[in-house]
Amino acid sequence: MLISPAYAQAAGGGDFVVSLLPLVLIFVVFYFLLIRPQQKKVKAHKEMLSNIRRGDRVVTNGGIIGSVTRVNDDNELTLEIAEGVRVRAVRAMVADVLAKTEPAKAASDDDEDEEASAEAPRKRTSRSRAKPAETKPAETKPTETGSTEAP
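Residues numbered from 1 in each chain as written. Predicted model: local features only at pLDDT ≥ 70, side-chain atom pairs only at ≥ 80, totals over all residues. Heavy atoms only, no water.

In this section: the pairing of strand S1 (residues 57-60). Here S1 runs beside strand S2 (residues 65-71); their pairing, made up of three bridges, is antiparallel. Opposite Val58, over in S2, you have Gly66 as the bridge partner. The hairpin formed by S1 and S2 contains four residues between the paired strands, and Gly63 there has a positive phi angle of roughly 95°. Direction of pairing for S1 relative to strand S5 (residues 94-99): antiparallel, over a ladder of four bridges. Within S5, the residue paired with Val58 across the bridge is Val97. (Pairing = 2+ DSSP bridges. Helix = DSSP H or I, 4+ residues; strand = E, 2+ residues; numbered from the N terminus.)

Written out as structure tokens, the structure is:
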């Protein structure tokens, strides 16, 4: 009941395409689940970086949040991270744009916008932080043993 060596060699080397099929299927799955979404994400990030303008609020890869005060060139931005504190940052190190500014409008659009803004009141968006309530120190009263304790 043993198979001769000549027959075993002929049967094993028959279908080269069938043996490569699982490898091809694994590559296709990796492409659609890993490679393609990553390429889309990189493309969207590059587009976001190219659309950064003055006035946008951005977050850097280091976690610094600031407003773009100047776009120096294709690779560099000036960010204001606190009042009067400006830093230069590489454009590629911007992780996210928090708030976009409105693009500049053409001169003919200004007349229509002025009429619309005169009719609708502007919404004021200012952040105010509530101050913590001040607490009084607890009054202590003497006990029978002479020590003090809080009520």
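Here we come to the side chain of Arg91. Within the fold, Arg91 resides in the loop between strand S4 (85-90) and S5. Asp74 provides the closest opposite charge to the buried, salt-bridge-free Arg91, at an N-O distance of 5.4 Å. A distance of 3.1 Å separates a polar side-chain atom of Arg91 from the backbone oxygen of Asp74. Among all residues touching Arg91, those that are not within four sequence positions of it are Leu49, Ser50, Ile52, Val71, Asp73, Asp74, Asn75, Glu76 and Leu77. (Buried < 20%, exposed > 50% of the residue type's maximum accessible area, 1.4 Å probe, protein only. Lys, Arg positive; Asp, Glu negative; His and termini not counted. Salt bridge = Lys/Arg side-chain N within 4 Å of Asp/Glu carboxyl O. Polar contact = N/O pair within 3.5 Å; in protein donor to acceptor, adjacent residues only side chain to side chain. Contact = heavy atoms within 4.5 Å.)

Assignment of secondary structure puts Leu77 in strand S3 (residues 76-82). With a relative accessible area of 0%, Leu77 lands in the buried category. Spatially, the C-alpha atom of Leu77 lies 6.0 Å from that of Arg91, the residues being 14 residues apart in sequence.

Pairing in this open sheet of five strands is antiparallel, and the strands run S4-S3-S2-S1-S5 from one edge to the other. Lying at the two open borders of the sheet, with one neighbouring strand each, are S4 and S5. Taken pair by pair, the neighbouring strands of this sheet meet at an average axis angle of 45°, ignoring direction. In terms of strand pairing, S2 meets S3 through four bridges, oriented antiparallel. (Axes fitted to C-alpha atoms, helices over the stretch in contact; angles between N-to-C directions.)

Okay, the nonpolar core next. Met48, Leu49, Ile52, Val58, Val68, Leu77, Leu79, Ala89, Val94 and Val97 form the largest nonpolar core, which has ten residues in total. Residue assignment for this core shows that the elements contributing at least two residues are helix H2 (16-50), S3 and S5. (Core = buried A, V, L, I, M, F, W, Y, C linked by side-chain atoms within 4.5 Å.)

UniProt records the feature "transmembrane region" (unreviewed entry) for residues 16-35 in the present numbering. In the segment residues 16-35, helix accounts for 100% and strand for 0%; the C-alpha atoms at its two ends are 27 Å apart. (UniProt positions renumbered as here; feature names shortened; annotations may be inferred.)

Another aspect to go through is H2. With 35 residues, H2 ought to run about 51 Å at 1.5 Å a step, and its terminal C-alpha atoms sit 48 Å apart, in line with that. At Tyr31, H2 shows its largest bend, some 45°. (Expected span 1.5 Å × (residues − 1). Bend = angle between axes of the 7 residues up to and from the residue.)

Another aspect to go through is the pattern of salt bridges. What the rule picks out here adds up to two salt bridges. Asp56 is the partner of Lys100 in a salt bridge, and the nearest nitrogen-oxygen pair spans 3.3 Å. Of this pair, Lys100 sits in the loop between S5 and helix H3 (107-119) while Asp56 sits in the loop between H2 and S1, and the two are 44 residues apart along the sequence. You can call Asp56 buried: its relative accessible area is 0%. In this structure, Arg88 and Glu76 form a salt bridge, with 2.7 Å as the shortest nitrogen-oxygen distance.

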